[in-house]
Protein chains: 2
Amino acid sequence: MKKIKVSLIQHSCSDDIKENTEKAFSMIEEAGKNGAHIICTQELFKTPYFCQIEDWKYFNLAEKIDEKNETIKNLSTLAKDYQTVIIASLFEKRAKGLYHNTVVVLNIDGSLSGLYRKMHIPDDPHFYEKFYFTPGDLGYKVFKTKYANIGTLICWDQWFPEAARLTAMKGADIIFYPTAIGWLPEEKEEYGASQYNAWESVQKGHAVANGCYIAAVNRVGFEPSPDGNSGIEFWGQSFIANPSGELIVKGSQDKEQIITAEIDLSIIEENRIVWPFFRDRRPDTYHDLTKRWLDI
Amino acid sequence: MKKIKVSLIQHSCSDDIKENTEKAFSMIEEAGKNGAHIICTQELFKTPYFCQIEDWKYFNLAEKIDEKNETIKNLSTLAKDYQTVIIASLFEKRAKGLYHNTVVVLNIDGSLSGLYRKMHIPDDPHFYEKFYFTPGDLGYKVFKTKYANIGTLICWDQWFPEAARLTAMKGADIIFYPTAIGWLPEEKEEYGASQYNAWESVQKGHAVANGCYIAAVNRVGFEPSPDGNSGIEFWGQSFIANPSGELIVKGSQDKEQIITAEIDLSIIEENRIVWPFFRDRRPDTYHDLTKRWLDI
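Student: Help me get a handle on the nonpolar core, residues and values and all.
Tutor: Membership of the largest hydrophobic core comes to 130 residues, with the highest contact counts inside it found for I38(A), W159(A), I174(A), I38(B), W159(B) and I174(B). With residues near it in sequence (within four places) discarded, I174(B) still touches I4(B), V6(B), I38(B), A148(B), N149(B), I150(B), G151(B), Y213(B), A215(B), I263(B) and L265(B). Residues M27(A), I65(A), L75(A) and A88(A) belong to the second largest nonpolar core, which totals 21 residues.

Student: Give a description of the sheet that holds strand 15 (residues 257–264) of chain B that names residues and reports values.
Tutor: Residue and element names in this part refer to chain B. Judged by pairing direction, the sheet is mixed, and its six strands sit side by side in the order 5-4-3-2-1-15 without closing on themselves. Each edge of the open sheet carries a strand with a single partner, namely strand 5 (112–117) and strand 15. Sheet twist, expressed as the mean angle between neighbouring strand axes with direction ignored, is 30 degrees.

Student: Run through the side chain of T285(B), naming residues and quoting values.
Tutor: Counting through the fold element by element, T285(B) comes out in the segment after helix 7 (277–280). A polar contact is formed between the side chain of T285(B) and the side chain of Y140(A), at a distance of 2.7 Å. Those residues in contact with T285(B), other than ones at most four positions away along the chain, are M119(A), Y140(A) and L166(A).

Student: Tell me about helix 5 (residues 185–210) of chain B, residues and numbers included.
Tutor: When the local axis directions of helix 5 of chain B are compared, the greatest deviation, roughly 85 degrees, occurs at Y191(B). Remark: G211(B) follows helix 5 of chain B within two positions and exhibits a positive phi of approximately 55 degrees.

Student: Tell me about the packing of aromatic side chains, residues and numbers included.
Tutor: All told, the structure shown has 60 aromatic pairs over all chains when counted by the stated rule. For the ring pair Y196(A) and W199(A), a centre distance of 5.6 Å and an interplane angle of 55 degrees mean the geometry is tilted. On the criterion of helical spacing, the pair formed by Y196(A) and W199(A) is a turn pair, its members being three residues apart in helix 5 (residues 185–210). Like W199(A), Y196(A) is buried. Consider the rings of W156(B) and W159(B), whose centres lie 6.4 Å apart with planes at 55 degrees: the pair is tilted. Accessibility assignment for this pair places W156(B) and W159(B) in one class, buried. The structure contains a cluster of three or more aromatic residues connected by ring pairs, namely F50(A), W56(A), Y58(A), F59(A), F91(A), Y99(A), F131(A), Y132(A) and F133(A). The lysine or arginine in question, R219(B), covers the ring of F234(B), its NZ or CZ lying 5.4 Å from the ring centre.

Student: Describe the packing of helix 1 (residues 17–33) of chain A against helix 2 (residues 70–82) of chain A, listing the residues and the values that go with them.
Tutor: Working note: a packed helix pair is described by the angle between its axes plus the distance between those axes. All names here are of chain A. Look at helix 1 against helix 2: their axes get within 9 Å of each other, and the N-to-C directions meet at 15 degrees. With respect to their mutual orientation, helix 1 and helix 2 come out roughly parallel. Here helix 1 and helix 2 pass one another in a crossing that is right-handed. Only T71, N74, L75, L78 and Y82 of helix 2 make contact with helix 1, whose side of the interface consists of F25, I28, E29, G32 and K33.

Student: Quick rundown of the relation of the copies chain A and chain B? Include the residues and the values.
Tutor: In the superposition of chain A on chain B (RMSD 0.0 Å, axial shift 0.0 Å), the rotation amounts to 180 degrees. Given the turn and translation reported, the copies of this chain are related as if by a two-fold rotation axis. Among all residues of chain A, the minimum C-alpha distance to the rotation axis is found for G205(A), at 2.3 Å.

Student: Account for unusual backbone geometry, with residues named and values stated.
Tutor: Residues and elements named next belong to chain A. Phi at S230 takes a positive value of approximately 60 degrees, unusual for a residue other than glycine. Structurally, S230 is set in the loop between strand 11 (220–224) and strand 12 (231–235). By relative accessible area, which is 23% here, S230 ends up partly exposed.

Student: Explain the pairing of strand 6 (residues 141–144) of chain A residue by residue, including any values.
Tutor: Residues and elements named next belong to chain A. Note that strand 6 and strand 7 (residues 149–152) share four bridges and pair antiparallel. Paired with K144 across the two strands is N149, which belongs to strand 7. Where strand 6 folds back on strand 7, the antiparallel hairpin that results is connected by four residues.

Student: Pulling in residues and values, what's your account of the pattern of salt bridges?
Tutor: All names here are of chain A. Tallying each qualifying case throughout the model produces 42 salt bridges over all chains. Its salt-bridge partner being E63, residue K46 comes within 3.0 Å of it at the nearest N-O pair. Taken as a pair, K46 in the loop between strand 2 (38–41) and helix 2 and E63 in the loop between strand 2 and helix 2 lie far apart in primary sequence, 17 residues in all. For the pair shown, K46 and E63 are each scored as buried. The salt bridge partner of D280 is R279, with a shortest N-O separation of 2.9 Å. The network of salt bridges with shared partners includes E92, R94, R117 and D137.

Student: With reference to specific residues and values, describe the interface of chain A and chain B.
Tutor: On the side of chain B, 58 residues touch chain A, which itself brings 58 residues to the contact. Taking both partners together, chain A and chain B bury about 5,600 Å²; carbon and sulfur atoms supply 63% of that area. The interface formed by chain A and chain B holds eight salt bridges in total. Its salt-bridge partner being R281(A), residue E162(B) comes within 2.9 Å of it at the nearest N-O pair. If you look at where chain A meets chain B, you find 30 residue pairs in polar contact (both at pLDDT 80 or more). Elements with a minimum of two residues in the side of chain A that touches chain B: strand 6, helix 4 (161–169), helix 5, helix 6 (266–274) and helix 7 (277–280) of chain A. With 10 residues, the single largest contributor to the side of chain A that touches chain B is helix 5 of chain A. For the side of chain A that touches chain B, the class distribution of residues is 28 nonpolar, 13 polar and 17 charged.

Calculation notes
- Residues numbered from 1 in each chain as written.
- Chains lettered and ligands numbered in written order.
- Predicted model: local features only at pLDDT ≥ 70, side-chain atom pairs only at ≥ 80, totals over all residues.
- Heavy atoms only, no water.
- Core = buried A, V, L, I, M, F, W, Y, C linked by side-chain atoms within 4.5 Å.
- Buried < 20%, exposed > 50% of the residue type's maximum accessible area, 1.4 Å probe, protein only.
- Contact = heavy atoms within 4.5 Å.
- Pairing = 2+ DSSP bridges.
- Helix = DSSP H or I, 4+ residues; strand = E, 2+ residues; numbered from the N terminus.
- Axes fitted to C-alpha atoms, helices over the stretch in contact; angles between N-to-C directions.
- Polar contact = N/O pair within 3.5 Å; in protein donor to acceptor, adjacent residues only side chain to side chain.
- Bend = angle between axes of the 7 residues up to and from the residue.
- Phe/Tyr/Trp six-rings, centres within 6.5 Å; stacked < 30°, edge-to-face > 60°.
- Lys NZ or Arg CZ within 6 Å of the ring centre and 35° of its normal.
- Parallel < 35°, antiparallel > 145°, perpendicular 65-115°, else oblique.
- Left-handed = near helix turned anticlockwise from the far one by under 90°.
- Least-squares fit on C-alpha atoms with pLDDT ≥ 70 in both.
- Salt bridge = Lys/Arg side-chain N within 4 Å of Asp/Glu carboxyl O.
- Buried area = accessible area lost by both parts, 1.4 Å probe.
- Nonpolar A, V, L, I, M, F, W, Y, C, P; charged D, E, K, R; others polar.

Rendered as structure tokens:
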């Protein structure tokens, strides 16, 4: 057995960036004190989910990811203090006019292990991300840490089996998905349950197909749209699924929570020996996956 | 709305090939009389699941798939009589010493629409398929029929997101998986529930990720291993999942059944407009899926 403790930081966000950030830091600190080996934030944990409308002013929320970045310095200190790996989701300003939805991974010595930039960018009512985020160009990433090989994907990526597979093929033991997903109040009654179930199902599918753990970290709370037109009720329910696709822990739908589970990494290999999908893949027949669609 | 009726033929098999075949034909006939537009058999519906041991004698069960094949002639008559599309799973003898696990699709005019040969071949205790079946070389297939575009995959294929994706990318409205999966009695108590759940989860995941229907058709009954060493309790529970990954119908775990559902094909497009995964795939970043593994 190789057991490690993983904590997911699920909270609400207001317009007060400082307050959001301090809340997340204090939850990370609590998880660290509680012995978490790996801690992951929700998507864009410092800010409200500003993509509900397209407004240039929100580009001011983006930050350079470098050694002068205060957030990263603070996360680095937390990582070192608690000997924990931290996965955090930030709005990255890469260059003037070039922005990404980015995850940073901090090692237990406080060093920046690297970045992942969201590859699949949504654009739907209240989720206008194509306006803000340039699609990632770093490829799919796995970070080797003391405790586990960590795969990082972000929110909309979670609907794409290709992303999970490529991350697993780089050796991910756990794939983390910082997320911001919720219900539009006008849709919730009719479609809410099926929307949630689809989200859970597709990720359980990734866990099974790839024989690894999946951890989704979602925010909670209602955030009104800045234009006064409806808003999003984030559905929380951050979870960890094991390689059989079973949820071993699941957070509240509407409460701030540190969701923690002890997970046994040794079952990944046991599982894959019994279910040898990587042995039986047919990569010689997958070339057409690099196409958009197959017209027949 | 574009509603069609789909029937899945779930039954047990004995060593008596004639009896199995007649049982399946009579169930197909009943489904046809009941107005099914598309009918699908379980995997290798004519025979017991002979892959529990490796024995050369079982190659005698294979049959040439041509205009003289009696099974296909009979299926063709049924298809024409009931104006139904039939998907049937057969042990194909392609040439001397070359065998496949193959699906045939019969059109409503009785013509053979084409074949699909199982691409992913398992090999595990009691499932020694690599001994019998050469991996398919026809690629992923979709058959345009009067009622729907039918994708065909077979059993072990169901664990591979690549196969479902490529079939969906050819326009499948419904992906059918004739299947033979069950519990080894010595494992059932400890692992049975999680094995079944993984099977259901990964296929619900395909339905969500691809915004199409998934139909899995499994056999029932206990088949002892011919070497006297244990056997397989086939777990039935043939199901149809909708594009949100919800099971709209599910068969018994141990009874022979015609599992029928009326499905609305129009929700495929509605669903994909709301969940535009095909719009947002990143085929420019998927090339490494054509590799076995990514060593980092």
